[in-house]
Amino acid sequence: MLSKYENGLSTPTAEVLCKLAAALGVPLSSLVAEPGVAVEFVAFRKHSTLRIAEQERIKAEVICQVAGRRKLAAAVGEPQLNWREFAVSARSIEDAERHAVELRDEWKLSRNPIPSLISVMEEQGAEVIVIEAKDGFSGVSAWTAERQPIAVIQRREQDGARQRMDLAHELAHLILAADSAVDSEDYAKRFAGAFILPESAAISELGRKRSDLRLGELRAIKAKYGISLQ
């Protein structure tokens with residue numbers, strides 16, 4: 001019956017709609033009206049074990065959240081976020097390090113630690129959505145019809161460093177041109193690490209040449225920059 005509803009072969013009664021809304025924990029209006037916002041998703045990560053059904057559920061949740069935010073912003077008179085386009089094309093994986101520094105300079109972040117990457121991205125006009133999803137999901141990026149970027153990441157209550165890396169990873173997907181001559185996943189991994197802890201900052205913290213590293217040093221850098229020991 002659900003398949004018939006979804007394919008327009010049957011129409012649920014008002015009673016059934018109310019029960020569906022209650023079961024899904026959503027307002028009745030969300031089942032009978034179009035969301036009013038168009039979202040184009042960048043592909044989920046390669047080698048992801050996430051089932052298609054869960055991917056579709058995540059997409060639906062994101063669209064609902066974006067639509068809800070638009071309504072709330074309109075109700076309180078909040079201006080629409082304004083994203084300043086920053087697009088790059090990579091010829092080699094090493095370009096990711098250079099692009100990370102260039103974007104930091106563009107956003108006037110210098111080489112300092114970033115206390116809140118979510119706040120930084122939202123200040124630059126990106127929309128960040130943190131959701132609960134099944135294992136296998138780390139993040140996905142998307143664009144609205146108005147070229148508003150969206151970064152969606154998994155909530156990680158016990159692993160803030162991983163959540164920051166996930167967000168920087170999706171930021172890489174948002175800036176990388178589709179015709180780049182590199183694997184987008186490899187690029188995103190390299191970019192994320194360099195954006196959170198640039199090479200010049202690492203050299204400043206550790207020195208250019210070392211014969212050993214102490215765990216205490218790494219823990220201090222982990223706390224300062226919000227990265228994992230790994």
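Definitions and limits used
- Residues numbered from 1 in each chain as written.
- Predicted model: local features only at pLDDT ≥ 70, side-chain atom pairs only at ≥ 80, totals over all residues.
- Heavy atoms only, no water.
- Helix = DSSP H or I, 4+ residues; strand = E, 2+ residues; numbered from the N terminus.
- Contact = heavy atoms within 4.5 Å.
- Buried < 20%, exposed > 50% of the residue type's maximum accessible area, 1.4 Å probe, protein only.
- Pairing = 2+ DSSP bridges.
- Axes fitted to C-alpha atoms, helices over the stretch in contact; angles between N-to-C directions.
- Core = buried A, V, L, I, M, F, W, Y, C linked by side-chain atoms within 4.5 Å.
- Disulfide = S-S within 2.5 Å.
- Expected span 1.5 Å × (residues − 1).
- Polar contact = N/O pair within 3.5 Å; in protein donor to acceptor, adjacent residues only side chain to side chain.
- Phe/Tyr/Trp six-rings, centres within 6.5 Å; stacked < 30°, edge-to-face > 60°.

Trainee: Please set out the environment of Ala126 residue by residue, giving values where relevant.
Mentor: Take Ala126: it is sitting in the loop between helix H6 (117–123) and strand S2 (127–131). Setting aside anything within four residues of it in sequence, one finds Ala126 in contact with Leu81, Trp83, Met121, Gln148 and Pro149.

Trainee: Describe the pairing of strand S3 (residues 139–144), naming the residues involved and giving the relevant values.
Mentor: When a strand is regular, its side chains alternate between the sheet's two faces. Of all six residues making up S3, six are buried, and the element is well covered by its neighbours. Where S3 and strand S4 (residues 149–154) come together, five bridges link them in antiparallel fashion. Pairing of Ala142 across the sheet is with Ile150, part of S4.

Trainee: Any chance you could break down the sheet that holds S4 for me, citing the residues and the numbers?
Mentor: Read from one edge of the open sheet, four strands run S1-S3-S4-S2, paired in mixed fashion. Two strands in the sheet have a free side with no partner beyond their single neighbour: strand S1 (39–41) and S2. Each adjacent strand pair in this sheet contributes to an overall mean axis angle of 25°, direction not counted. Relative to the sheet, helix H7 (residues 160–175) contacts S2, S3 and S4, its axis offset from that of S4 by approximately 150°.

Trainee: How would you explain the nonpolar core if you had to name every residue and give the values?
Mentor: Ranked by size, the top nonpolar core spans 39 residues in total, and within it Trp107, Met121, Leu171, Tyr187, Phe191 and Phe195 carry the most contacts. For this core, the secondary-structure elements that each account for two or more residues are helix H5 (95–106), H6, S2, S4, H7, helix H8 (184–196) and helix H10 (215–225). Broken down by element, this core gets its largest block of residues, seven residues, from H8. When residues no more than four places from it in sequence are discounted, the contact partners of Phe195 are Ala100, Leu103, Arg104, Trp107, Leu109, Ile114, Leu117 and Leu171. Leu50, Ile58, Ala133 and Val152 belong to the second-largest nonpolar core, a separate cluster that totals 17 residues.

Trainee: So what about the state of the cysteines? Which residues, and what values?
Mentor: Following the criterion strictly, the structure yields zero disulfides and no others. Here Cys18 stays unpaired: no disulfide links it, and the sulfur of Cys64, its closest cysteine neighbor, is 17 Å away. Given a relative accessible area of 51%, Cys64 falls into the exposed group.

Trainee: Provide a residue-level description of the environment of Ala177, including the pertinent values.
Mentor: Inspection of the secondary structure assignment puts Ala177 in the loop between H7 and H8. Relative accessible area serves as the criterion here: at 25%, Ala177 is assigned to the partly exposed category. Expressed as a C-alpha distance, the spacing of Ala177 and Ser10, which sit 167 residues apart in the sequence, is 42 Å. If near-sequence neighbours (up to four positions away) are discounted, Ala177 is found in contact with Val88 and Ser89.

Trainee: Describe unusual backbone geometry, with residues and values.
Mentor: In the Ramachandran plot, Ser110 falls in the positive-phi region, its phi being about 50° despite a non-glycine side chain. Here Ser110 lies in the loop between H5 and H6. Look at Arg147: it is not a glycine, yet its phi comes out positive at around 60°. By the element assignment, Arg147 lies in the loop between S3 and S4.

Trainee: Go over H8, please, and point to the residues and values.
Mentor: An ideal rise of 1.5 Å per residue puts 18 Å on 13 residues; H8 measures up with 18 Å between its terminal C-alpha atoms. Listed in full, the buried residues belonging to H8 are Glu185, Tyr187, Ala188, Phe191, Ala192, Ala194, Phe195 and Ile196. Contacts from the buried residues of H8 go to H5, H6, H7 and H10. Capping of H8 at its N-terminal end is provided by Asp183; its side-chain oxygen lies 3.0 Å from the backbone amide nitrogen of Glu185.

Trainee: Outline the packing of aromatic side chains, listing residues and values.
Mentor: Summed over all chains, the structure comprises five aromatic pairs. Taken together, a centroid distance of 6.1 Å and an interplanar angle of 80° make the contact between Trp83 and Trp107 edge-to-face. Placement of the pair is Trp83 in the loop between helix H4 (52–76) and H5 and Trp107 in the loop between H5 and H6, with a sequence separation of 24 residues. In this structure, Trp83 and Trp107 share a single accessibility class: buried. The interplanar angle of 90° and the centroid separation of 6.1 Å between the aromatic rings of Trp107 and Phe195 together place this pair among those described as edge-to-face.

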